[in-house]
Amino acid sequence: MPLDTFRTETRAWLEANCPPSMRKPIASEADICWGGKDWTFTSEDQKIWLERMVEKGWTVPAWPKEYGGAGLSKEEAFILKEEMKAINARSPLDSFGIWMLGPALLKYGTHEQKLEHLPPIARGEIRWCQGYSEPGAGSDLASLRSKGVLNGDHYVVNGQKVWTSYADRSDWIFALVRTEADAPKHLGISFLLIDMDQPGVTTKPIKLISGKSPFCETFFDDAKALVANRLGEAGQGWEIAKYLLSHERAGIVSEAAFGGMNPVTAAHQSGEVDETGRLADPILRGDVARLTIDGLAFDATLRRIKEEGDHGEGVGARASMLKYVGTELNKRRHELNMSALGMDGLLWEGDKESDGDPARAWLRSRANSIEGGTSEIQLNIISKRVLNLPGA
Amino acid sequence: MPLDTFRTETRAWLEANCPPSMRKPIASEADICWGGKDWTFTSEDQKIWLERMVEKGWTVPAWPKEYGGAGLSKEEAFILKEEMKAINARSPLDSFGIWMLGPALLKYGTHEQKLEHLPPIARGEIRWCQGYSEPGAGSDLASLRSKGVLNGDHYVVNGQKVWTSYADRSDWIFALVRTEADAPKHLGISFLLIDMDQPGVTTKPIKLISGKSPFCETFFDDAKALVANRLGEAGQGWEIAKYLLSHERAGIVSEAAFGGMNPVTAAHQSGEVDETGRLADPILRGDVARLTIDGLAFDATLRRIKEEGDHGEGVGARASMLKYVGTELNKRRHELNMSALGMDGLLWEGDKESDGDPARAWLRSRANSIEGGTSEIQLNIISKRVLNLPGA
Amino acid sequence: MSFVLNEEETMLRDGAQQFLEEQAPVTALRALRDSGDPVGFSRDLWAAMAEMGWCGILVGEDHGGVDMGCAAAGLVLEQIGRNLAASPFLSTAVLGASAFNLAGTDAQKAAWLPKIAAGETVIALALDERARHNPSHITTRAAKDGNGFRLTGAKRYAVNGAGADLLIVAARTEDERINLFLVSPEAAGVTRTSRRTLDSHVPADITFEDVKLDGDALLSGAEDSEAAYRHLLDIGRAAQAAEALGVGQKAFDLTLDYIREREQFGAPIGSFQGMQHRAAHLYGELELARSLVRRALTTLDTQPAQAPLWCAAAKAKATAVSRLAAAEGIQMYGGVGMTDEYDIGLYYKRAQAAGEFLGDDAFNAGEVARMSGY
Amino acid sequence: MSFVLNEEETMLRDGAQQFLEEQAPVTALRALRDSGDPVGFSRDLWAAMAEMGWCGILVGEDHGGVDMGCAAAGLVLEQIGRNLAASPFLSTAVLGASAFNLAGTDAQKAAWLPKIAAGETVIALALDERARHNPSHITTRAAKDGNGFRLTGAKRYAVNGAGADLLIVAARTEDERINLFLVSPEAAGVTRTSRRTLDSHVPADITFEDVKLDGDALLSGAEDSEAAYRHLLDIGRAAQAAEALGVGQKAFDLTLDYIREREQFGAPIGSFQGMQHRAAHLYGELELARSLVRRALTTLDTQPAQAPLWCAAAKAKATAVSRLAAAEGIQMYGGVGMTDEYDIGLYYKRAQAAGEFLGDDAFNAGEVARMSGY
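These figures come from a predicted structure and were not determined experimentally. (Residues numbered from 1 in each chain as written. Chains lettered and ligands numbered in written order. Predicted model: local features only at pLDDT ≥ 70, side-chain atom pairs only at ≥ 80, totals over all residues. Heavy atoms only, no water.)

It is worth spelling out the packing of aromatic side chains at this point. The final tally for this structure, using the stated rule, is 38 aromatic pairs over all chains. A ring pair is formed by Trp128 of chain A and Phe174 of chain A, whose centres lie 6.3 Å apart and whose planes are at 45 degrees; its orientation type is tilted. Here Trp128 of chain A, found in strand E1 (residues 128-131), pairs with Phe174 of chain A, found in strand E4 (residues 172-178); they are 46 residues apart in sequence, far enough to count as distant. The class of Trp128 of chain A is buried, set by a relative accessible area of 2%. For Phe174 of chain A, a relative accessible area of 0% translates into the label buried. Taking 4.2 Å as the distance between ring centres and 20 degrees as the angle between the ring planes, the aromatic pair formed by Tyr258 of chain C and Tyr333 of chain C counts as stacked. Of this pair, Tyr258 of chain C sits in helix H7 (residues 225-261) while Tyr333 of chain C sits in helix H9 (residues 307-333), and the two are 75 residues apart along the sequence. Each member of the pair Tyr258 of chain C and Tyr333 of chain C is classed as buried. Joined through ring pairs, the aromatic side chains of Trp128, Tyr132, Trp172, Phe174 and Phe191 of chain A make up one cluster. One Lys or Arg, Lys107 of chain A, reaches over the ring of Tyr243 of chain A and ends 5.2 Å from the middle of that ring. Against the face of Trp348 of chain B rests Arg360 of chain B, its NZ or CZ located 3.8 Å from the ring centre. (Phe/Tyr/Trp six-rings, centres within 6.5 Å; stacked < 30°, edge-to-face > 60°. Helix = DSSP H or I, 4+ residues; strand = E, 2+ residues; numbered from the N terminus. Buried < 20%, exposed > 50% of the residue type's maximum accessible area, 1.4 Å probe, protein only. Lys NZ or Arg CZ within 6 Å of the ring centre and 35° of its normal.)

What follows is the structure in structure tokens.
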């Protein structure tokens, strides 16, 4: 189909099928549709919108049709995205299954595995979470100790994962598990898909300094994972995980990009501007100006590297630079938000539900430079892979 | 003698003996009396003042009388310093012999060595320079390659030193030379006193980015050094050098302490203040305010650690903190001086002799965090010796 | 003035260290928080602090205090900071007592200072009206009314306002000068709204609607009431800087302990040079802040006319450094530093709140520039 | 607008890289310096640059130029920065040509643009009157005098002023608006004093004492002459930022080469994590500066109304980053970095001079705040 025709038809279909209430910006967590066995739609429109998009294969437009997608080309998928954006259409379905497991399954899965797992992801029937990190492992992810012992057609898994987002609401978990006890550190890990609906899997939410969080601890006590649900070869888990981490990194960067409160809007909110709209504190104003410059620079850099990518230059290890710069910048933004809010920023609980939001966002931003590879890890990667500095 | 009496007598003597022209602040390099065989006094008063002080033993008041000093107690020496300061009396003699070799000789020298070398230092007859650094050694000072081979009653020395201040005007050099070829790196170095008045020793001035400098390269080509002029044991040189480096570090810190141009005086000089005396650029003003705060803090810290020292708490590895903080601060001060001077700061040569001074001082300040142990070395020392962080 | 503690000060510091580690460790703050304590501090702890003699640290001996001065108060505050001990020490024993010392008449002093020294009164300073501290932005008015006054205005985030028995309110009189007034929080026309802040303290927003005050509600003992008001804030800045220093120093100490032990890639993370250099830099920053804090406090005691510059500098530096120390701490802890289970995040929160009180680093840097004449 | 170079731009950049590395390496600057060259640039090099077509990069084809736009000029400037090539490219081919493009009449364009494109004229902008750049602080006056003007005032540090054949002078006319005037440096009443600056360039202080100008000395082709003047400075900022980026990038490249090889304590110093993290941070800063520079230049070419914000941001960032890169370079080189024998110090000096021209980071940050409405 010519791209112009595709655009016209897409526009018409969206116009006809996207319910008006699904054409408003996401205002809160509750507006996101995550799917899964226990999912309760927050509105009838949310349900209708998902069903219609599933039918078109447009929850995962670039996936092959046989796996629940629409088999769109890169260009077509981009047009769909543009047209949805043009009417502010919400994403019908978000999930770690779509962002993370999907790409891994498509690259490393067998046809049977794809057939079994991809369509339920595309339809929002199964919600996945990610089990990588472990207590004590941190940046040294490959030092993980969860153990899987082969027993006939399945592995018996024991161990503990942390930072498993939404594990308490998920149906399945994709987890890194040490299955080859005698192999070198990085070569003993397998990538297992584990059904969480079994007694051997339990979860416990983690409370953060910013308050409640989607993060959980997940415990495996003699949990079973079928060998048929091992992605890739035994011991190939680290390779697959690294492939996926690059996806995650890109996600965190775009999250860190500007949007929401900034120190200027914060100062207007707290009244800390003079009659002309100038920030009242001249020294704070200087700090904010330097943030603005770096914000413009980061925005321009994202575009530049994207454009260069479109011209065939790979992002490669420069993703580490974007991750480092973007997250450090986001932390600075939140610090200056708090300064501009002054004592108003200290509010934690109050009459309005939004009371405490700036403080919680400020605290939450501290994790940006830890999750998805710490800033220190990114600097190491830049040193070695971009700057070719010698090893220690 | 009671201290009060000492003070009264000292005051009277200084009043009677310090020529009026020697009671003015040091205005330029030329006002400093360095002594040495080739010394030309810049005035008759400079000569008289040195002679009178030499006679009292007050060029090195705390050294024993037999070595040219006055054998003053710590308290008496302090009183002398105070009384000299009270009338702005200039130091009659400055030299690396007094600051550096003297303390080393007093601690590590034999009686014969002291008798031979200390009195000429005290009298300003022999000028010394320091030969530690070598091309290629840098922070890794102990990796030096100058070699001394024992040959009867002397060593034959070959090699090259850099950063030998005033080597072109000095009579003798105290140098670190590898004499024990088979010993471990730090244990193969000896501390040799070498007469520079021999064909085997030549010097060449080093031009810096800030312009002319007192630094030289010094070359040894089969230079001779008597074994009798080895300070300490063969192989003890590194220990003696480390002892002296702590003296040097303290010197650099006090040099870095504030004085001279600061960004506010700079802005007044360039006219970059408004009618009320406020810095015209509000963002520069904020940067300067933060410098002022750190300057006050550094000043208070110097006093605090000095006071704590007077109460028996050793400075120890905290000298590294002072060196790091002080030199980084001094660099920042010069950067902001240049910003406040604007284009006036760019001037390099001009009609007045002082044209270019701020730029040269700014450039020279970059060396503060390199000489006497780089900032990186100081941070390593703090990590290990103050914070007890584990080794890599 | 001395940077070195004398014997009395050393005893005070050591006593405070031991007492607070035992009686008010971080778990005590967590307990107050988790129980939703209405005032955000423990009356029992406050009584025990009075027993220790701390409440009278700035109260003259003739009024039942021990009169040890600001430098001594700073030593206690540093330990309070280290333990995140929630108490009205700063608002009552420092700011409250100082308000009477600076601006009280003999009768006012006689009436209130003994109560402060005995720990019988909790005081809150009702000062700021905007989100960012600004000592000149006072629109609360005390209009003359017979022998007394009528007070009208609105104050925000009065520290310890929820638990205070007495408010000291900054208000403008008809001559446009700022004066301090004693107001009972129970008086007609006074409305308090508790605010729970991120550090689990409970300040209050307080409105005054035509509140009737007697003539002796005005602190009228100072020659220049506005100068007394400004000097009171200087004392508050140095005191708050001392607490912030304790917060930052303990955050750093906790972090050092952690990175010495915690292993990654087969080595303690504190052995990596990248970590070491940042830790060593932070050490230098804390030493700078420590010197300024001590200098500001001793200058208040011995050369008060020279104190404002040092107080502003100390507050600016302590604010910046305590935030940095806690932020670096979270980063060095990594993921667990983000969890409520570990204490480091609580230090970051307190550093932020202490930073805002009486002006943050930007505000105080501006003050330093102004006082330095540029 | 595109961040990616098109084919023509790639050719230009590669050509500039090769040409300047061969014809104007750092040794050429050293030779000019050591010979005390009176104008601080080589006429031969300038002629060769004209041969390359660079002098006409902002000149329309009808006037003998190649009309490639600001983004293209920026590519040449980045290479000029990398090689510390001393030339009047920025003052003449960028600022000179742009002044005519923006404010010249057809006759003025026809008279001067071909000369610029041919490399026959060296132009200096006589702009600043104070030590720090301030485009509004213009007290030089052009008083009406018959059909012409009388020019009186004093300008400082006019870049390439010592070697210029034509001055473009910013002066206020009687309506208090800032206009640009063409003045011969040889005219009666014009006094030039050469200034040797730390980067071995030779700007000039220039005084105008009642200098008689014809009517056509006024650049009068713009609808709003002051807007043209301000736009000219925006172009200058982006162009100067491009050169500074080249200075900083080359300083960084030199430093990387050095720390990869240089050994201390038995290992290359570039293998120490403390060094690595700072180098990696600097890499990020340079990438940010690079994006802003390109964005500012392409915006000038395609959406000039939106350019001022980007130009100020680019100049601020490039100023700060090029200084940082060279300063870190000296530190990483260690002692030898302080010697005149190595080039890194020359980069630091040029970064400083480029930083001051048309406003340093503080000035331009203020502009960003103003244009952002806060």
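Listed as interface residues are 45 residues of chain A and, on the opposing side, 40 residues of chain C. At the boundary of chain A with chain C, total buried surface from both sides reaches about 3600 Å², with 59% on carbon and sulfur atoms. Among the residues of chain A in contact with chain C, Ile209, Met343 and Leu346 of chain A are the three that bury the most area, contributing 22% of the side total. Viewed at the interface, chain C and chain A are joined by five salt bridges. A salt bridge links Asp344 of chain A to Arg156 of chain C; its shortest N-O distance comes to 2.5 Å. (Contact = heavy atoms within 4.5 Å. Buried area = accessible area lost by both parts, 1.4 Å probe. Salt bridge = Lys/Arg side-chain N within 4 Å of Asp/Glu carboxyl O.)

What follows covers the domain arrangement of chain C. A common measure of how large an interface is: the accessible area buried when the components associate. Residue and element names in this part refer to chain C. Under the domain assignment, chain C is made up of domain 1 (7-121), domain 2 (125-217) and domain 3 (225-371). Listed as interface residues are 16 residues of domain 2 and, on the opposing side, 17 residues of domain 3. Summed over both partners, the interface of domain 2 with domain 3 buries about 1600 Å², with 59% contributed by carbon and sulfur atoms. Inspection of the region where domain 2 meets domain 3 yields two salt bridges. Put simply, Asp199 and Arg350 hold a salt bridge, and the shortest N to O gap is 2.6 Å. (Domains from an automatic or database assignment.)

The sites that carry the UniProt feature "domain: Acyl-CoA dehydrogenase/oxidase N-terminal" (unreviewed entry) are, in the present numbering, residues 6-120 of chain C. Span residues 6-120 of chain C is 66% helix and 0% strand, its end C-alpha atoms 30 Å apart. (UniProt positions renumbered as here; feature names shortened; annotations may be inferred.)

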